[in-house]
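Structural description and commentary
Residue strings, one per chain:
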Amino acid sequence: MLLVELIKGFSVTLRHMFRRRVTVQYPEQRRRDAPIFRGRHRLQRYADGLERCVGCALCASVCPSEAIYLEAAENDPTNPVSPGERYAKVYQIHLLRCIYCGFCEEACPEDAIVMGPEYELAADARAKCVISKKDMLTPREAGFGDYETFPAPRIG
Amino acid sequence: MRLLSLQYAFYAFLATLAILSAAYVAFSRKTVYAVLALVVAMLSLAGIFLLIQSPFAALIQVFVYAGAILVLFLYVIMLLNPRQADVTIRSVFENRGPFLAAAGVFVAGFFFLTAKWLLTVYTVERFQFEEFSLIEVASRLLTDYLLPFELTSILLLMAIIGAVLIAKRN
Amino acid sequence: MNEFLLDTLIIVIKIGVVFGLVIGSVPVLVLAERKVLGWMQVRPGPNRVGPWGLLQTLVDGAKVFFKENIIPDGVEPLTYRLAPLLVILPVLIAASVIPFGPPVKIAGREIPLAIADFDLSLLFFFAVATLSVYGIVLAGWSSNNKWSLMGGLRSSAQMFSYEITLSLSIVGILLTSGTFRLTAIVGQQSGGFWHWNVFLQPLGFVLFLLAAIAEVNRTPFDLPEAESELTGGFHTEYSGMRFVMFYMSEYSSVFVMSSLIATLFFGGYNPPFPYTFGTSWFDGAIGLFWLLAKIGALVFFFIWLRGTLPRLRYDELMMLGWKILFPLAFLNLIFTAILVALNWPGWLLGLVGAGALVLTDLVVSQILWRRRRAAG
């Protein structure tokens, strides 16, 4: 009967009124992200403070949206920046072009670039969306080998 | 109804509005505006009904004609392309001056004539809705005026059947 | 004080109270709708501005007040500007006949608590409420947008179809109460909830409720603004304060329609238990309280409906209006007329109405079921 069906339907919505709300009150409350979440990039260091990146530019060539710009330079043997022959003098990522696919992370032979957990990337100017080494490098004080806490995502 | 009473002022206003909007209906080139003017004309007629103490007729006027004119409105919109709804007939009233003068004389004359008539027929001092009785209207309609009432319903029935026939033919 | 001035003052105060209630109800209704719909969808609803989000609509109003009033190219400028006014004015005027309390005696004068209390107040309500469809059609037509135009046309077709049911379904009440005067209809329903018209006219009540929902363009029947098909319907091209006027008219017409339903079927300002109204201002306040409580319950029902039922398809809407509701309203009118003429007691009338309701429910669901089975 139509009337009975109507009453059933109405009672469903009425019951839902008294359920516990599922909304996450975002800025105050945060959801736990999945460990393989691909957020903004980070550049890792070795435990001795040297940068992992050796400026091979594999990340830049694999990037499907060509969001990575990289200029490599020779290391000064007395005061090396990275353990390899060369290091990245300029490393920029255009976050508005990046599609967060994680290919850079996969291509990197030194595990230097990883995708971090940060996702609050809004900015009020385009220029602010181009991030460089100083934004991405793990700070020396933060402990160096902490990329282990961000295991590389498995893709595919 | 004295010539300078508030009621007369109301009447003058409503009658002017009715005539002017009716004239607009006849002479306007924008069909949608013409239909709207028809609504205004009907509403001002309803106001005149109120003035001569028949609120029932006034409300029925609004109720029925508002709906009826809306149908007309829909026809205008649906049958004419809304962008080209302005009918382009060259009007005889292209020359506005003499026409407006004639209309003014006509309106003024109408007032004086009808005011005199109202003066003789109705001697109303104030609005007296309280004394109006719906039961009176109903019983009059079904006793004294039964024949016209039934004839009207037959007329409407014929109109309905005709409409159905025309619609069925296609 | 001068008699005439005093009369005028009283009327002005009453107009202020009623219009204040109707207009003031809009932000409350908007907030209530967002909150209740939110709860029904297992989310909290607006809760950022003010305690529990109570100030949300105020802030929204302030925002919209400062928005630009855009008039798009190619609109009919006159009717485009006129339409929002034509939508909201009839609602406010129609509200003037709703009695919001028992007659009150202040300073030796008996004052009926309705702006206009005359013999044809119910007819007046319908006559004026009909006019608001002009605003919608005009808005749709003058916007120079085909979706707006379609919204306007739909709205007018819907109004025609359901207005017949709306008017016919109350004729039953007119027959049992014998008057068009709303204060008298309310007066007859005093003395406890079992005197309410809803028990006298159950079928009439259901029909009126459905038609009323269609008249105020609320959810199962909100085709004029079906956003999934017509973007925004008739108000697509409106912005700023003009848009707000459409919004206000929608919610205030929900409020006014609820107050009419409460007045006609749920005893208006009468409390649900036997209570004899005196003529003090306090009794007037009690009457207003009960009327508002009933309106609140009805508004909740309207929101609940929106949270529950999806929108009808256009042909379903027309079928429901013409093939089901209209004949039923006619049936209701005929058997009420017969029973009133035979002078049968009210409870029998109610029983017959309820029986007819259940019967039609059975028949209609059978037909629908068969149709669905035939369609495969």
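One can find the structure itself at the top, above this paragraph.
What counts, and where the lines are drawn
Residues numbered from 1 in each chain as written. Chains lettered and ligands numbered in written order. Predicted model: local features only at pLDDT ≥ 70, side-chain atom pairs only at ≥ 80, totals over all residues. Heavy atoms only, no water. 1 Å grid on protein atoms, 1.4 Å probe; cavity = no way out; pocket = protein on both sides within 12 Å on 5 of 7 lines; lining within 4 Å. Points joined across faces, edges and corners; volume = space filled by probe spheres on them. Helix = DSSP H or I, 4+ residues; strand = E, 2+ residues; numbered from the N terminus. Nonpolar A, V, L, I, M, F, W, Y, C, P; charged D, E, K, R; others polar. Phe/Tyr/Trp six-rings, centres within 6.5 Å; stacked < 30°, edge-to-face > 60°. Buried < 20%, exposed > 50% of the residue type's maximum accessible area, 1.4 Å probe, protein only. Axes fitted to C-alpha atoms, helices over the stretch in contact; angles between N-to-C directions. Parallel < 35°, antiparallel > 145°, perpendicular 65-115°, else oblique. Contact = heavy atoms within 4.5 Å. Polar contact = N/O pair within 3.5 Å; in protein donor to acceptor, adjacent residues only side chain to side chain. Buried area = accessible area lost by both parts, 1.4 Å probe. Salt bridge = Lys/Arg side-chain N within 4 Å of Asp/Glu carboxyl O.

**Notes on the layout of surface pockets**
- Here the largest pocket defines a volume of roughly 2600 Å³.
- Along its surface, the largest pocket is lined by 47 residues, and Phe63 and Val64 of chain B together with Ile164, Ser167 and Leu168 of chain C are the ones closest to its centre.
- Among the elements of the structure, α3 (55-79), α5 (134-142) and α6 (146-169) of chain B together with α4 (121-130) and α6 (146-177) of chain C are those that each provide at least two residues to the lining of the largest pocket.
- Considering each element in turn, the lining of the largest pocket owes the most residues, 11 residues, to α3 of chain B.
- Class assignment for the residues of the lining of the largest pocket results in 37 nonpolar, eight polar and two charged.

**Some words on the packing of aromatic side chains**
Residue and element names in this part refer to chain C.
- One pass over the full model with this rule turns up 21 aromatic pairs over all chains.
- Judged by centre distance (5.4 Å) and plane angle (65°), the ring pair of Phe234 and Phe246 falls under edge-to-face. With Phe234 in the loop between α10 (227-230) and α11 (240-265) and Phe246 in helix α11, this pair connects stretches of sequence that are 12 residues apart. Here the two residues Phe234 and Phe246 agree in accessibility, since each one is buried.
- An aromatic cluster is built from Phe125, Phe126, Trp196, Phe205, Phe208, Phe265 and Phe266, whose rings are joined through pairwise contacts.

**Some thoughts on the packing of helix α1 (residues 2-17) of chain A against helix α1 (residues 3-40) of chain C**
- Contact geometry for α1 of chain A and α1 of chain C: axes closest at 6 Å, N-to-C directions at 95°. Considered as vectors, α1 of chain A and α1 of chain C are oriented roughly perpendicular to each other. Contact with α1 of chain A, carried on its side by Thr13, His16 and Met17 of chain A, involves Val36, Trp39 and Met40 of chain C of α1 of chain C and no other residues of that element.

**Examining the environment of Ser177 of chain C**
Residue and element names in this part refer to chain C.
- Assignment of secondary structure puts Ser177 in helix α6.
- Residue classification places Ser177 among the buried residues on the basis of a relative accessible area of 11%.
- Ser177 sits 101 residues away from Glu76 along the chain, and the two C-alpha atoms are 47 Å apart.
- Apart from residues lying up to four places away in sequence, Ser177 is in contact with Ile185 and Gln188.
- At 2.7 Å, the side chain of Ser177 forms a polar contact with the backbone oxygen of Ile173.

**What about the side chain of Asn332 of chain C?**
Residue and element names in this part refer to chain C.
- Within the fold, Asn332 resides in helix α13 (residues 314-341).
- In this structure the side chain of Asn332 is engaged in a polar contact, spanning 3.1 Å, whose partner is the side chain of Gln201.
- Sequence-distant contacts of Asn332, defined by excluding residues within four places in its chain, comprise Ser169, Gln201, Leu203, Gly204 and Leu207.

**Observations regarding the interface of chain C and chain A**
- Each partner contributes residues to the interface: chain C has 21 residues there, and chain A has 18 residues.
- Between chain C and chain A, a total of about 1700 Å² is buried, with carbon and sulfur atoms accounting for 70% of that surface.
- Counting across the interface, chain C meets chain A through one salt bridge.
- For Glu28 of chain A, the salt bridge goes to Arg48 of chain C, with nearest N and O atoms at 3.0 Å.
- If you look at where chain C meets chain A, you find seven residue pairs in polar contact (both at pLDDT 80 or more).
- At the level of elements, α1, α12 (281-308) and α14 (346-375) of chain C are the ones that each hand at least two residues to the side of chain C that touches chain A.
- Among the residues forming the side of chain C that touches chain A, the class breakdown is 14 nonpolar, four polar and three charged.

**So, the pattern of salt bridges**
- One pass over the structure, following the stated rule, counts 12 salt bridges over all chains.
- A salt bridge links Glu120 of chain A to Arg30 of chain A; the shortest N-O distance between them is 3.0 Å. Within this pair, whereas Glu120 of chain A is found in the loop between β4 (113-115) and β5 (130-131), its partner Arg30 of chain A is found in the loop between α1 and β1 (41-43), the two being separated by 90 residues in sequence.
- The exposure class of Glu120 of chain A is partly exposed, given its relative accessible area of 48%.
- A residue is classified by how much of its surface remains accessible, and Arg30 of chain A, at 46% relative accessible area, is partly exposed.
- A salt bridge links Arg218 of chain C to Glu33 of chain C; the nearest nitrogen and oxygen atoms lie 2.5 Å apart. One end of the pair, Arg218 of chain C, is in the loop between α9 (202-215) and α10; the other, Glu33 of chain C, is in helix α1, and 185 residues separate them in sequence.

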